[in-house]
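For reference, the chains in residue letters:
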Amino acid sequence: QVQLVESGGGLVQPGGSLRLSCAASGSIFSIHHMGWYRQAPGKERELVASISQYGTTNYADSVKGRFPISRDNAKNTVYLQMNSLKPEDTAVYYCNAGVENFERRIETYWGRGTQVTVSS
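Residues numbered from 1 in each chain as written. Predicted model: local features only at pLDDT ≥ 70, side-chain atom pairs only at ≥ 80, totals over all residues. Heavy atoms only, no water.

S.K.: Could you clarify how one ought to interpret the packing of aromatic side chains in this entry?
M.R.: For any pair of aromatic rings, the description rests on two quantities: the centre-to-centre distance and the angle between the ring planes. Evaluation of the coordinates by the stated rule reveals 2 aromatic pairs. Summarising the aromatic geometry, the rings of Phe29 and Phe102 are spaced 6.1 Å apart at their centres and angled 80° between planes, so their arrangement reads as edge-to-face. Of this pair, Phe29 sits in the loop between β3 (18–26) and β4 (30–39) while Phe102 sits in the loop between β9 (91–100) and β10 (106–110), and the two are 73 residues apart along the sequence. Its relative accessible area of 41% is what places Phe29 among the partly exposed residues. Taking 5.0 Å as the distance between ring centres and 65° as the angle between the ring planes, the aromatic pair formed by Tyr37 and Trp110 counts as edge-to-face. Placement of Tyr37 in strand β4 and of Trp110 in strand β10 is noted, with a sequence separation of 73 residues between them. (Phe/Tyr/Trp six-rings, centres within 6.5 Å; stacked < 30°, edge-to-face > 60°. Helix = DSSP H or I, 4+ residues; strand = E, 2+ residues; numbered from the N terminus. Buried < 20%, exposed > 50% of the residue type's maximum accessible area, 1.4 Å probe, protein only.)

S.K.: Is there a simple way to think about the state of the cysteines in this case?
M.R.: What the rule picks out here adds up to 1 disulfide. A disulfide bridge connects Cys22 with Cys95, and the sulfur atoms are separated by 2.0 Å. Across the S-S bond of Cys22 and Cys95 the torsion is about -85°, and the bridge reads as left-handed. With Cys22 in strand β3 and Cys95 in strand β9, this pair connects stretches of sequence that are 73 residues apart. (Disulfide = S-S within 2.5 Å.)

S.K.: Looking at this structure, how should I read the environment of Pro87?
M.R.: Locating Pro87 in the fold gives a position in the loop between β8 (77–82) and β9. Through-space distance from the C-alpha of Pro87 to that of Val99 is 33 Å; in sequence the pair is 12 residues apart. Residue contacts for Pro87: discarding those within four places in its chain leaves Pro14 and Val118. (Contact = heavy atoms within 4.5 Å.)

And the structure:
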């Protein structure tokens, strides 16, 4: 079994910054993609950013240039640096990872989410 634990959410003023972290632990042979999704009240969950095991990144248009994603493979951790935050970035942010276990089976896991609120 694999656990994803997010941290770093909170309340921030518009224009401010937050850094989210997500650490994976458990039965891990390797981690393929890692990423962040978000879900605002009354809206569907959407992709924010993702990063492959080779470092290839993908971003939602709404966060390009503001939310760089990175990962530390040695720590099985993915980060989302959120800059120039806007009220419309308010949402619960979820970590997502494609994990290959020691039986060489790949499964997708989700974290429990961390709340980000952008408000003055």
